[in-house]
Amino acid sequence: MDTPYQKFTQGLKNKGEWRELQPYSPSASGQIRRDMEDFINFSSNDYLNLSQSREMRMRAISFAQQFGCGSTASRLVTGNLTAFEEIEHKLANAIGKPSTLIFSSGYQTNSSVLPALMDRHVLGLDVVVFADRLNHNSLVTGVKLAGAELRRYRHLDLNHLEDLLKKSMMRKISRFIVSETLFGMDGDRANVPGLIALAKKYNAFLYLDDAHAVGVLGQNGWGLTAQYADQIDCIMGTFGKAFGSSGAYVACSHVLREYLINRCPGFMFSTGLSPLIWGTIDAAIDMIPGLSVSRSKLLANADYFRSAIRPLQLETMHSDAHITPLIVGEAKDAMQLQKSLEHQGILCMAIRPPTVPQGTSRLRISMTAAHSTHHVDQLIQALFRWCKHKPDISNIAA
Ligand SMILES: Cc1ncc(COP(=O)(O)O)c(C=O)c1O
């Protein structure tokens, strides 16, 4: 029975696309431990270092003492414990939407909310989705599960998006525009006001995934959608990144929230998040507006890093925030760079297909508030050493 699967995984090994699990444990600030060895960690999405927050741990314990360890059922049965909707309300106020609905993960949110929103039986029309070509897999899966027609526009190219929207105007359909705000693997940004304007002009539903921006960017850290929340139909974000916890939310109108509670299988048929996690989310919502010093520090570190490596002429795309891709090209070359950095005490995992398109394998440098300038300097020096010894990789322009 295992043969076809074995053949497939062997194929991945041959292409340098094989993945395996490794056990890690947290170490000193900005570091991670594997096999008794400490590395400076540039692969974490814990942008504000909140996963180590004492306040969040204490709130988790307090929630566990009050409610127990599990929510024990779907929220629609008996799993909607008394604190949960108050937290959703507090989050809605912070984000600037009438309501929010919290799910167990961002993947579950995108892959089950999108099909529910795009239900042609509810809308009474066929659905066409206009999606950025580099959207996260959970968004792509959500659209696929919806069975909707997909039109992918060139990454961040609103002229291309408008061409596609214009062409669709001949048809009586429901239109959706779906995009990340800060792109997780590329570190570049969608033009949020531009997307809002196109959604209005072509009467499209706008769904924006703020997963990598919330906590770090925007007014008081409430993401790249914060300033425009009232003009976006549905904003999605996760608690697994800058919030330092897990779970995710959609922020939307009261009507949409009620609809999702009644029609979104990922909400209806899944046990609610553990009260411990709700406690951490509750604490993080309180803390995020006050973390502007951490936000400035990590963004300054990222700017410093990009300017310092400029002489190496590595391809960093249009990143200008806390995520910087170093495009290498082939998966095997990205693995080689990962290994070279590991030998120099730095952990930065290669990102390869299918996470990114073929030929764009990369290292994704993720800056966090736990990094000191010394950590960043070590990364810079390691890259200079690597470039000196490996001048033959095609994507390095030097
Ligand atoms: C843009 C984007 N959306 C959604 C998700 C999924 O979120 P979660 O990790 O909470 O499942 C991710 C995760 O990496 C992501 O990058």
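The model shown is predicted, which means the values in this text are computed figures rather than measured ones.

Conventions we followed
- Note on numbering: residues in each chain are counted from 1, in written sequence order.
- Per-residue local features of the predicted model are confined to residues with pLDDT of at least 70, and side-chain atom pairs are confined, for both listing and counting, to 80 or more; whole-chain, interface and lining totals are unaffected and use all residues.
- Where side-chain values are given, they derive from all heavy atoms of the structure, hydrogens and water being excluded.
- Criterion for a disulfide: a pair of cysteine sulfur atoms at a distance within 2.5 Å.
- Residues grouped as a nonpolar core are buried Ala, Val, Leu, Ile, Met, Phe, Trp, Tyr and Cys residues, joined through side-chain atoms within 4.5 Å.
- When accessible area is computed with a 1.4 Å probe and restricted to protein chains, residues below 20% of their type maximum are described as buried, those above 50% as exposed, and intermediate ones as partly exposed.
- Every helix listed is a DSSP run of H or I at least four residues long, and every strand listed is a run of E at least two residues long, numbered separately from the N terminus.
- Note on definitions: a residue-residue contact is assigned when non-hydrogen atoms from the two residues lie within 4.5 Å.
- The length a helix should cover is 1.5 Å for every residue beyond the first.
- The directions from the helix axis to the C-beta atoms form the arc being described.
- Neither His nor the chain ends contribute to the count of charged residues, in which Lys and Arg are positive and Asp and Glu negative.
- Any Lys or Arg side-chain nitrogen located within 4 Å of an Asp or Glu carboxyl oxygen qualifies as a salt bridge.
- A 3.5 Å cut-off defines polar contacts: any pair of N or O atoms within that distance qualifies, except that in protein one atom must be a possible hydrogen donor and the other a possible acceptor, and neighbouring residues in sequence count only when both atoms are side-chain atoms.
- Definition of nearness: a residue and a molecule or strand are near each other if at least one heavy atom of the residue lies within 4 Å of the molecule or strand.
- Only the protein chains shown count as cover for residues, and the accessible areas themselves come from Shrake-Rupley with a 1.4 Å probe.

1. Some thoughts on the state of the cysteines
Moving on, step 1. Scanning the entire structure with this criterion turns up zero disulfides.
Moving on, step 2. Its sulfur unpaired, Cys234 is 5.0 Å from the next cysteine sulfur, which belongs to Cys252.
Moving on, step 3. For Cys348, which is in no disulfide, the shortest distance to another cysteine sulfur is to Cys387 and amounts to 14 Å.

2. Examining the nonpolar core
Moving on, step 1. Ile102, Leu161, Ile177, Leu195 and Trp222 are the most contacted members of the largest nonpolar core, which totals 63 residues.
Moving on, step 2. Counting only elements with at least two residues in this core, the list comes to helix H2 (54-67), helix H3 (84-95), strand E5 (127-132), helix H7 (158-168), helix H8 (192-201), strand E8 (204-209), strand E10 (248-252) and helix H11 (275-287).
Moving on, step 3. Counting residues per element, this core draws most heavily on H11, which supplies six residues.
Moving on, step 4. Excluding residues within four positions of it along the chain, Leu195 makes contact with Tyr153, Leu158, Leu161, Ile177, Ser179, Ala190, Leu206 and Leu208.
Moving on, step 5. In this structure, Leu101, Ala148, Phe205 and Cys264 belong to the second largest nonpolar core, which totals 27 residues.

3. Re helix H14 (residues 373-389)
Moving on, step 1. If you check H14, its first and last C-alpha atoms are 25 Å apart, about what 17 residues at 1.5 Å a residue would give, namely 24 Å.
Moving on, step 2. Taken as a whole, H14 has its buried residues at His375, Val376, Leu379, Ile380, Ala382, Leu383, Trp386 and Cys387. Here the buried residues of H14 occupy an arc of 160° about the axis, which is enough to place them on one side. In H14, the exposed positions that point more than 90 degrees away from the buried face belong to His374, Lys388 and His389.

4. Focus: the side chain of Arg364
Moving on, step 1. Position of Arg364 relative to the elements: it lies in strand E14 (residues 361-366).
Moving on, step 2. Of the side chains with opposite charge, Asp186 comes closest to the buried, unpaired Arg364, at an N-O distance of 8.2 Å.
Moving on, step 3. Among the polar contacts listed, one links the side chain of Arg364 to the side chain of Asn45, at a separation of 3.0 Å.
Moving on, step 4. Dropping the residues within four chain positions of it, Arg364 is found in contact with Phe42, Asn45, Tyr47, Gly184, Met185, His212, Ile323, Thr324, Pro325, Cys348, Met349 and Ile351.

5. What about the site of the ligand?
Moving on, step 1. Around the ligand, 13 residues are found, and the nearest of them are Gly106, Tyr107, Asp209, His212 and Lys241.
Moving on, step 2. Taking His136, its side chain carries an N or O atom lying 3.5 Å from an oxygen atom of the ligand.
Moving on, step 3. Contacts to the ligand include His212, whose side-chain N or O atom sits 2.7 Å from an oxygen atom.
Moving on, step 4. Protein coverage of the free-state accessible area of the ligand, which is 390 Å², stands at 82%.
Moving on, step 5. Those elements giving two or more residues to the shell around the ligand turn out to be helix H4 (106-117) and strand E9 (234-238).
Moving on, step 6. Ranked by residues supplied to the shell around the ligand, first place goes to H4 with three residues.

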